[in-house]
Amino acid sequence: MEIEKIVLSQKDFFKTQQTKSLAFRKIYLEKLRNLIITNEDMLYEAIYKDFGKSKFDTFTTELSFILHDIDYYLKNLKSLAKPKKVGTNLVNQFGNSKIYADPLGCVLVIGAWNYPYQLSLSPIVAAIAAGNCCILKPSEIAENTMKAMAEIINKNFPPEYLYVYEGGIDETTRLLELKFDKIFFTGSTKVGKIIYKAASEHLTPVVLELGGKSPAIVTKDANLDIAAKRIVWGKFLNAGQTCVAPDYLLVEEVIQEQFLEMLRKYIKEFKYNADSEQYTRIINQRNFHRLTKLISPEKIYCGGGFSEEKLYIEPTILTDIHWNDEIMQEEIFGPLLPVLSFQNYNAALNSILELEKPLAAYLFTNNTEEKEIFTKRLSFGGGCINETIMHLGNGNLPFGGVGNSGIGNYHGKYGFDSFSHQKSVLEKATWGEPNIKYPPYSEKKLTWIRRLL
Ligand code: NAD
């Protein structure tokens with residue numbers, strides 16, 4: 001069936017009101033959970049083919065997230081969907097006021113390739129929980145995972161409810177001509193602008209989960225060993241192809257040498273070598289070439305090796321980096337970690353403030369004042385103190401960017417809210433009607449109105 005017809009069929013199906021029933025939503029959330037569990041091996045195989053992502057990483061950073069989200073919604077759906085009673089002001093007496101979490105209708109989710117399952121299916125789970133019909137367009141760059149998701153979903157879900165549309169730019173462009181009730185996009189800031197523009201034609205609301213250059217700052221008051229371990233893990237997980245990976249490092253000058261040694265030690269200890277089945281590969285040749293061009297041989301502190309045949313790039317630390325170097329101009333999205341040093345903490349934060357607002361920021365310190373300044377002065381989507389990436393692992397925290405790193409957020413309650421309309425309803429009693437708001441007006445009425453308002 002043509003995609004235009006499927007979208008129309010979803011709009012019709014939504015009008016039947018079936019997706020609004022909590023029992024209906026639960027049946028399909030459970031179905032998706034069972035499908036993920038029974039097809040786990042196929043999902044691992046597909047992602048390994050796409051970019052050598054290990055079973056361990058796929059479970060911990062993708063499938064466990066989705067399964068956790070499903071369980072969260074199954075457990076909390078009733079309270080999330082329950083109309084929320086709020087106070088009613090004096091002029092609206094006698095009445096009561098409620099906010100209804102209203103499903104939006106037919107929504108479009110566009111995924112990115114770097115965490116292909118999580119970034120496609122977590123929004124879908126939130127959209128289903130909130131009572132919508134959905135079209136999912138995964139990233140064509142991770143072709144095998146796209147096909148795996150299409151295979152699982154299109155065989156087991158009615159297309160008028162949930163459908164995976166496979167394709168690249170042409171297919172996405174075709175989709176964007178249609179009117180959806182929400183578009184949830186994960187990807188680059190550049191494509192995010194294309195999506196936003198297309199959505200504006202239909203006044204479609206959007207969530208844009210974008211990227212940016214996320215800094216990690218290490219001061220002399222940090223626990224250096226734990227900082228090094230957590231930064232190496234967060235940076236080289238998925239070979240640096242993580243939207244919230246520390247993009248670059250700002251290290252206080254007095255500890256720089258000692259800290260670099262610690263980074264080197266952990267890179268070695270974690271065995272990210274060319275034959276490892278646990279270290280993810282670069283997604284394709286285009287990205288491989290883009291990344292290897294960013295390695296200036298004279299700036300290599302450690303690493304710098306690569307193999308085009310294996311699409312492998314060694315974890316690489318680059319030193320003697322300046323703000324105007326090429327590597328500091330765009331999000332790196334690969335296993336290269338440029339290191340800049342600073343003498344003055346506030347001046348370092350000022351330099352970050354000169355750039356676009358990042359998706360994440362990380363501070364490593366045990367100094368209370370430095371922590372306070374970091375959270376108060378910097379604007380970023382979300383982040384951690386003394387950790388990297390793990391804020392994503394707390395479903396109680398909203399996940400999303402700010403400024404150039406995105407619009408809106410999701411995860412847990414926030415995902416449910418993102419796919420719902422907050423519908424306000426005031427219900428009034430039909431007795432006790434004072435005449436004060438009705439014409440003809442008088443000075444006396446105005447005096448009373450002033451008092452009331
Ligand atoms: P991308 O922007 O190239 O592609 C994302 C999606 O947009 C894909 O489904 C693709 O098919 C589609 N697309 C690409 N070009 C298009 C065009 N011209 N018109 C319409 N659709 C188009 O991003 P990517 O390479 O898949 O992912 C990398 C980027 O995504 C990085 O910037 C990263 O930081 C960001 N990202 C953000 C998050 C987040 O949650 N905020 C998560 C992962 C990745």
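Further up the page is the structure itself.
No experiment lies behind these values; they were computed from the predicted model shown.

Enquirer: What exactly am I supposed to notice about the overall build of the protein chain here?
Expert: Along its length, the protein chain carries 15 helices and 18 strands. In terms of overall dimensions, the protein chain is globule-like: its C-alpha atoms have a radius of gyration of 25 Å, near the 22 Å expected for 453 residues. Taking the principal axes of its C-alpha atoms as reference, the protein chain extends roughly 85 × 55 × 35 Å. Partitioning the intrachain contacts of the protein chain with sequence separation of at least 6 by distance along the chain shows that 70% fall at a separation of at least 24. Charge separation in the protein chain, taken as the distance between the mean sites of 53 positive and 53 negative side-chain charges, equals 10 Å.

Enquirer: Just to check I follow, could you spell out the nonpolar core for this structure?
Expert: Inside soluble globular proteins, nonpolar side chains tend to come together where they are buried. With 125 residues, the main nonpolar core has I217, V218, L249 and F259 as its most contacted residues. Split by domain, this core shows at least three residues from each of two domains, domain 1 (3-210 + 403-425) and domain 2 (215-400). Ranked by size, the runner-up nonpolar core spans 21 residues in total, among them I6, I110, A198 and V206.

Enquirer: Explain the sheet that holds strand 18 (residues 420-428) to me, please; I cannot follow it from the model alone.
Expert: Backbone-to-backbone hydrogen bonds pair the strands of a sheet. The strands run either parallel or antiparallel. Ordered by their spatial adjacency, three strands build an open sheet running 1-2-18, and the pairing between neighbours is antiparallel. The outermost strands of the open sheet, each flanked by one partner alone, are strand 1 (84-86) and strand 18. Averaged over all neighbouring strand pairs, the angle between strand axes comes to 30 degrees, with direction disregarded. In the sheet, strand 2 (residues 95-103) pairs with strand 18 via nine bridges, with the strands oriented antiparallel. Considered in strand 18, the bridge of D102 is made with H421.

Enquirer: Would you mind showing me how to read the site of the ligand here?
Expert: Close to the ligand lie 26 residues; K137, E140, S188, L210 and E331 are nearest. At 2.8 Å, a backbone N or O of G111 approaches an oxygen atom of the ligand. Isolated, the ligand exposes 840 Å² of accessible area, and the fraction of that covered by the protein chains is 89%. Contributions of two or more residues to the shell around the ligand are made by helix 7 (169-176), strand 6 (182-186) and helix 8 (189-201). Of the residues assigned to the shell around the ligand, the class counts are 14 nonpolar, eight polar and four charged.

Cut-offs used in this document
- Residues numbered from 1 in each chain as written.
- Predicted model: local features only at pLDDT ≥ 70, side-chain atom pairs only at ≥ 80, totals over all residues.
- Heavy atoms only, no water.
- Helix = DSSP H or I, 4+ residues; strand = E, 2+ residues; numbered from the N terminus.
- Rg over C-alpha atoms; globule rule 2.2 N^0.38 Å.
- Contact = heavy atoms within 4.5 Å.
- Lys, Arg positive; Asp, Glu negative; His and termini not counted.
- Charge placed at Lys NZ, Arg CZ, Asp CG, Glu CD.
- Core = buried A, V, L, I, M, F, W, Y, C linked by side-chain atoms within 4.5 Å.
- Buried < 20%, exposed > 50% of the residue type's maximum accessible area, 1.4 Å probe, protein only.
- Domains from an automatic or database assignment.
- Pairing = 2+ DSSP bridges.
- Axes fitted to C-alpha atoms, helices over the stretch in contact; angles between N-to-C directions.
- Near = heavy atom within 4 Å.
- Polar contact = N/O pair within 3.5 Å; in protein donor to acceptor, adjacent residues only side chain to side chain.
- Areas by Shrake-Rupley, 256 points an atom, 1.4 Å probe, with all protein chains shown as cover.
- Nonpolar A, V, L, I, M, F, W, Y, C, P; charged D, E, K, R; others polar.

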